[in-house]
Structures are given as structure tokens and as C-alpha cells.
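# Coordinate inspection notes
Spelled out, the chains give:
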Amino acid sequence: LRTRARAKSSSASATDRRDTAEGGAPRRSSDRAPLPTRDGIERRSAQCYGCGVRVQLDEPSAPGFVDRETYERRRKHHQLDQLLCARCCELSHGAMVNAVEGQGLADRRGRGLVSQDELVAELKQLRDKRVLVLLLLDLTDLSGTMLGRVRDAIGRNPVIAVGTKFDLLPKGTSQAAVREWLQDELERKRLTVAGTFTVAARSRNRDQSGVSGVAGATLRERSGRDVYIVGASNVGKSTFCRALLGALRDRGDFLAQDSKLPVASPMPGTTLGAIKLQAFTPKSALYDTPGVVLSHRINTLLDGDDVAALTPRKRMRALIVSAARLQAAAAATTRAPPYEYAGALDAPTFGASLEGLSVTWGALARVDVLSAPPDFAMSFVGPSQLSLSVVCTPVAAEPAEGEGDEAAWMPPSAPGSPGAALVEASGGLHVAREVELEVPAGGRAHAADLAVSGLSAWVVLTAGGAVDEGWASRFGRVQLRVWAPRGVGVFLRPAMPVSDPYDAS
């Protein structure tokens with residue numbers, strides 16, 4: 001017995017020596033030795049509760065930095081799960097601090113930045129787990145946030161689709177109609193889901209916001225699974241996560257975490273690692289995951305200040321561009337539209353149709369009307385920061401120096417306007433897509449939406465109103481050319497059933 005006691009005591013002493021950190025305090029299981037990374041920064045196993053990145057004590061400008069004094073104090077009191085990194089503190093106060101390689105124009109390869117492969121590593125594991133996936137899609141940028149081949153990452157796990165930011169759509173938009181439209185879009189992408197919801201996660205009333213409905217569906221579909229919130233970057237996952245935990249508590253889930261929650265910010269790449277949150281049962285959890293970075297989105301190329309400037313804060317408005325409206329404004333028979341149109345007065349077809357005109361949308365997009373019926377109109381739905389200007393296409397199409405045979409056009413935007421630095425760095429706007437479609441004549445109808453990926457805005461292509469007697473066909477052919485920064489995607493989709501901008505005007 002004495003021999004066994006001595007052996008046990010010796011083993012315990014060795015374990016204590018191994019598990020004692022700097023300063024003599026015993027390590028917890030989450031306080032293992034620093035882990036080296038590819039950039040030489042030693043990261044601890046403890047995570048920042050705000051963004052999920054492993055903390056480090058060496059590089060103040062890199063994500064996950066915590067000063068050594070704070071770290072040692074938290075470790076001593078076994079509170080390593082209460083660490084908030086310096087970057088998250090700045091984000092909480094409105095700063096736009098990048099932490100992802102390839103984001104924006106500046107510091108795209110800075111030391112300590114998290115790679116895009118690291119961001120999606122957690123998602124690749126879901127295929128082999130038994131989980132429930134809440135797939136978030138940004139209703140103001142649906143085409144840009146629709147993840148392609150999402151089933152390859154999540155396997156056959158059940159999915160609940162959630163359209164976020166409904167509160168930013170034009171006033172009077174039907175939530176039920178948008179939900180049905182979202183369901184149709186998911187079916188068009190051949191993605192089968194267990195439920196479809198639209199939410200306004202920033203609303204204080206969780207019943208009216210739609211989050212309560214998502215909470216109920218989650219509890220019904222979970223069947224003992226952990227729940228993962230998944231989506232593209234900047235779709236509002238962390239904001240939704242905070243609202244969902246509140247809705248779960250309202251439904252009697254008193255285990256749902258109510259403090260030390262993920263940081264919500266308009267900066268793409270806010271969340272850098274999977275964040276485990278207590279919910280449902282003592283052995284279950286809700287996970288907030290890093291956003292998937294999609295290279296065709298314009299907000300991936302913008303610096304933080306431009307992203308903040310272009311983020312809508314209130315309901316978006318629709319600005320209508322039509323031949324009839326321009327003609328009435330020129331004749332002073334109606335109130336002038338809230339955009340510049342003087343450059344369109346010299347167009348040969350001015351007042352008859354939009355043919356030969358171009359519409360510039362801030363510094364980031366331009367739409368040329370190559371051909372269109374007389375009643376064709378475009379409604380530009382977006383934040384007020386995106387100003388419109390209607391000009392003659394020959395004036396707008398004067399190319400700057402392009403690369404190779406590809407023409408480029410530099411918009412005459414004022415220095416400092418959102419996106420101007422990106423456009424200048426890429427040598428101007430380039431032709432991103434040419435669109436040809438038929439729109440019905442003889443009655444107003446929204447034929448399709450034209451969306452620039454990563455921009456919380458879209459163009460409603462509309463036909464209707466007075467039709468020239470010479471039109472024998474029930475349809476009119478529309479040809480458009482869309483310009484955007486190099487590499488940015490432009491999508492054509494069925495029209496979202498937002499409130500009719502003609503009625504609003």
C-alpha cells in the first residue's frame with residue numbers, strides 16, 4: 001500500500017508540474033500551451049467570445065489580441081471563457097477593423113489575418129455531424145448570398161432557410177409574399193428545406209420580427225441535434241443569433257445563453273471561428289459560424305469605411321427612371337425626380353423611351369439601355385447613399401484606358417464617395433453582363449430584378465402604362481448592358497414582390 005501511495009503521489013506531482021502555467025496557477029483544460037500558427041503568432045486555445053478566434057498575447061494589431069495582464073487575471077480565476085479581444089472591443093464601438101485575408105483594398109495580406117480556408121474549415125465538418133442547419137440569406141442581396149453547392153458542406157442534415165433584414169425592404173412589402181418568393185427561389189436552386197422564414201432580427205418585438213417563428217421551428221426540427229447558423233459573410237448571423245437566443249428564452253428555454261454573446265457588426269468577417277452558445281439542454285448547443293466569403297460580392301472588395309457607408313440603416317426607397325417621368329420633369333409639369341437627369345435631355349429618343357440612356361448608380365454600377373419598349377421603366381431600390389444620374393449613353397460610354405481589349409469606364413464621381421477608391425484601383429468599371437429579356441406590354445408588371453452581388457440594392461425591370469399603337473406584340477424586347485468593378489457578379493432573377501414603387505411615388 002505504501003508503494004502504491006508513493007507512486008500515486010509521484011504521478012500527481014508530475015501532472016501538477018505539466019498543468020501549471022506561467023506564474024504558478026494550474027491550467028484548466030482550455031489553457032493548454034500556445035499553438036503556433038502559419039504567421040508565427042502563438043495562439044492560445046481559449047477563444048474570444050465575441051468572434052470565436054483563438055486569443056494571442058503578442059501582436060496588438062492582429063485579431064484575437066488580449067493584453068497579458070487581462071489574460072493572466074482571467075486564467076487565475078478560471079474565466080478564460082470571458083475573454084473579449086481588442087478587435088471585438090473596437091467593432092462594438094462602431095469601428096470597421098478587417099481580420100480576413102483578401103478583404104478590402106488595404107492590408108489584404110497583413111500579419112495575423114485569418115485565411116478564407118480557415119473560415120470555412122468548420123463548415124466542412126458538418127457533413128459528418130448530426131446537426132440542424134439554419135441557413136441565413138440576406139433579402140437585400142439574395143443572389144449574392146445564395147451559397148452554391150451548400151449540400152456538399154452540410155450533407156443531408158435538415159435545413160431551415162431564414163431570409164434576414166426584412167425590415168429594410170420598401171414600406172408596404174408583404175412578409176408572406178416575400179416568404180413564398182424565397183421558397184420558390186430555393187426550389188429553383190434545388191435546395192429542399194424543412195421551413196422558410198423571413199425575419200427582422202433588429203426588431204425589439206420578436207413575435208412581429210418573425211424570430212419567434214424560427215425558434216419554434218428549431219425546437220420542433222432539432223430532435224436532439226446541435227444547431228448551426230450558417231451563411232455568407234455579412235448576412236446578419238450574429239444579430240440573428242442574439243435574437244434567436246432571446247426568442248428561445250421567451251419559449252421557456254431557460255438554458256439559452258443571455259450574456260457574453262457574439263459581437264454584431266456590419267464589417268464582413270466579424271466572426272472568425274465557431275462560437276458555442278449554451279441552449280436547449282445541458283448537452284446541446286447553438287453555434288454561430290464564420291461567414292462564407294464569396295469572391296463575386298462587391299463588399300468583399302470594399303474597405304470597411306465604404307462597407308459602413310453603403311450599409312442601409314432604414315427602409316430602402318425606390319427611385320423610378322422612365323421616359324414619361326423624365327419628359328414630365330423636363331416640361332416642369334411634375335415635381336423633379338430626386339436624381340440628376342440634365343445629361344439625358346440631348347438624347348435623340350428623350351421622352352419616347354429610355355433607349356440611348358445610361359443610369360449611373362453611385363460610383364459602383366452603370367446600366368445602359370440598348371433597346372426597350374416605350375413603357376419600359378427601371379426602379380432602383382437601395383439605400384439613399386447610392387445616388388442616381390441619368391445621362392446619354394455616348395457620354396457615359398467614353399472609355400478610359402482598359403487592360404487589353406477590355407474597355408473600362410471611370411465614373412465622374414466625387415473623391416471620397418463610397419466605392420470610388422475601389423473603382424479607381426481596378427481601372428474603372430467593366431462590362432459585367434449583357435441582359436436580353438422580353439417584358440409584357442399593355443399592363444404594368446415587374447418582369448425581373450437585376451442585382452449587383454454584394455450590394456444591398458437591386459433594379460426592378462418594369463413594363464406597363466401607355467403603349468405605342470405600333471406595338472403589335474404582347475411583349476417588348478429589352479437589352480441592357482451592366483457595368484461594375486472587375487470580378488463582381490451581376491444576377492438576373494424573378495422579381496421580388498416588394499411594394500409597387502409606382503404606388504409609393
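An account of the accompanying structure is given in this report. (Residues numbered from 1 in each chain as written. Predicted model: local features only at pLDDT ≥ 70, side-chain atom pairs only at ≥ 80, totals over all residues. Heavy atoms only, no water.)

## Quick look at the overall build of the protein
The secondary structure content of the protein amounts to 15 helices and 18 strands. Counting only residues that meet the buried cut, the protein has 52% of its 505 residues in that class. A fraction of 70% describes how many contacts in the protein between residues 6 or more apart in sequence connect residues 24 or more apart. (Helix = DSSP H or I, 4+ residues; strand = E, 2+ residues; numbered from the N terminus. Buried < 20%, exposed > 50% of the residue type's maximum accessible area, 1.4 Å probe, protein only. Contact = heavy atoms within 4.5 Å.)

## Looking at the environment of glutamate 42
Among the structural elements, glutamate 42 can be located in the loop between α1 (2–18) and β1 (43–47). Assessed through its relative accessible area of 41%, glutamate 42 is described here as partly exposed. C-alpha of glutamate 42 to C-alpha of leucine 57: the two residues are 15 residues apart in sequence and 7.8 Å apart in space.

## Looking at the pairing of strand β10 (residues 357–361)
Of all the five residues making up β10, five are buried; the element is thus mostly covered by neighbouring parts of the structure. Here β10 shows two buried faces, one formed by Leu357, Val359 and Trp361 and the other by Ser358 and Thr360. Here five bridges tie β10 to strand β13 (residues 388–392), and the two strands are oriented antiparallel to one another. Across the sheet, residue leucine 357 finds its bridge partner in β13, namely cysteine 392. Across four bridges, β10 lies against strand β11 (residues 365–371) in antiparallel orientation. Its bridge partner lying in β11, threonine 360 is registered against arginine 366. Linking two consecutive strands that pair antiparallel, namely β10 and β11, is a turn of three residues; a positive phi of about 60° is found at glycine 362 within it. (Pairing = 2+ DSSP bridges.)

## As for the packing of aromatic side chains
Across all of its chains, the model carries two aromatic pairs by this definition. Considering the side-chain rings of tyrosine 228 and tyrosine 287, the 4.4 Å spacing of their centres and the 5° angle between planes classify their relative orientation as stacked. Taken together, the positions of tyrosine 228 in strand β6 (residues 226–231) and tyrosine 287 in strand β8 (residues 285–288) put the pair 59 residues apart, joining distant regions of the chain. A residue is classified by how much of its surface remains accessible, and tyrosine 228, at 2% relative accessible area, is buried. For the ring pair tryptophan 361 and phenylalanine 380, a centre distance of 5.0 Å and an interplane angle of 80° mean the geometry is edge-to-face. Linking tryptophan 361 in strand β10 with phenylalanine 380 in strand β12 (residues 377–382), this pair joins segments that are 19 residues apart in sequence. Exposure class is identical for tryptophan 361 and phenylalanine 380. Each is buried. (Phe/Tyr/Trp six-rings, centres within 6.5 Å; stacked < 30°, edge-to-face > 60°.)

## A short note on the packing of helix α9 (residues 211–221) against helix α10 (residues 237–250)
Relative to each other, α9 and α10 sit at 70°, their axes nearing to 9 Å. When the interaxial angle is binned, α9 and α10 end up roughly perpendicular. Contact residues: Val211, Ser212, Val214, Ala215 and Leu219 in α9; Phe240, Ala243, Leu244, Ala247 and Leu248 in α10. (Axes fitted to C-alpha atoms, helices over the stretch in contact; angles between N-to-C directions. Parallel < 35°, antiparallel > 145°, perpendicular 65-115°, else oblique.)

## Details of the sheet that holds strand β4 (residues 159–164)
Sheet architecture is open: six strands sit in the order β5-β4-β3-β6-β8-β7, paired in mixed fashion. What marks the edges here is a single partner per strand, and that holds for β5 (195–198) and β7 (275–278). Taken over all neighbouring pairs, the strand axes of this sheet differ in orientation by 20° on average, direction set aside. Here β4 runs beside β5; their pairing, made up of four bridges, is parallel. If you follow alanine 161 over to β5, its bridge partner there is threonine 196. Those strands touched by helix α7 (residues 175–188) are β3 (131–138), β4 and β5, and its axis lies near 135° from that of β5.

## A few points about the sheet that holds β12
Pairing is antiparallel across the open sheet formed by five strands, whose spatial order is β9-β12-β16-β15-β18. Strands at the two margins of the open sheet, each flanked by one partner only, are β9 (317–322) and β18 (490–493). Strand after strand, the sheet turns through a mean of 25° between neighbouring axes, direction not considered. In the sheet, strand β15 (residues 445–452) pairs with strand β16 (residues 458–463) via five bridges, with the strands oriented antiparallel. Bridge pairing in β16 links alanine 448 to leucine 461.

## Considering unusual backbone geometry
Phi at serine 223 takes a positive value of approximately 50°, unusual for a residue other than glycine. Of note, serine 223 is situated in the loop between α9 and β6. The backbone of asparagine 234 sits at a positive phi, close to 70°, despite the residue not being glycine. Within the secondary structure, asparagine 234 is located in the loop between β6 and α10.

## Re α10
Under the 1.5 Å per step criterion, the end-to-end length of α10 is 20 Å for 14 residues, consistent within 8% with the ideal 20 Å. Judged by how many residues are buried, α10 sits mostly within the fold: ten of 14 residues are covered. Among the residues making up α10, those that are buried are Lys237, Ser238, Phe240, Cys241, Ala243, Leu244, Leu245, Gly246, Ala247 and Leu248. Immediately beyond the C-terminal end of α10, within one or two residues, lies glycine 252, with a positive phi of roughly 100°. (Expected span 1.5 Å × (residues − 1).)

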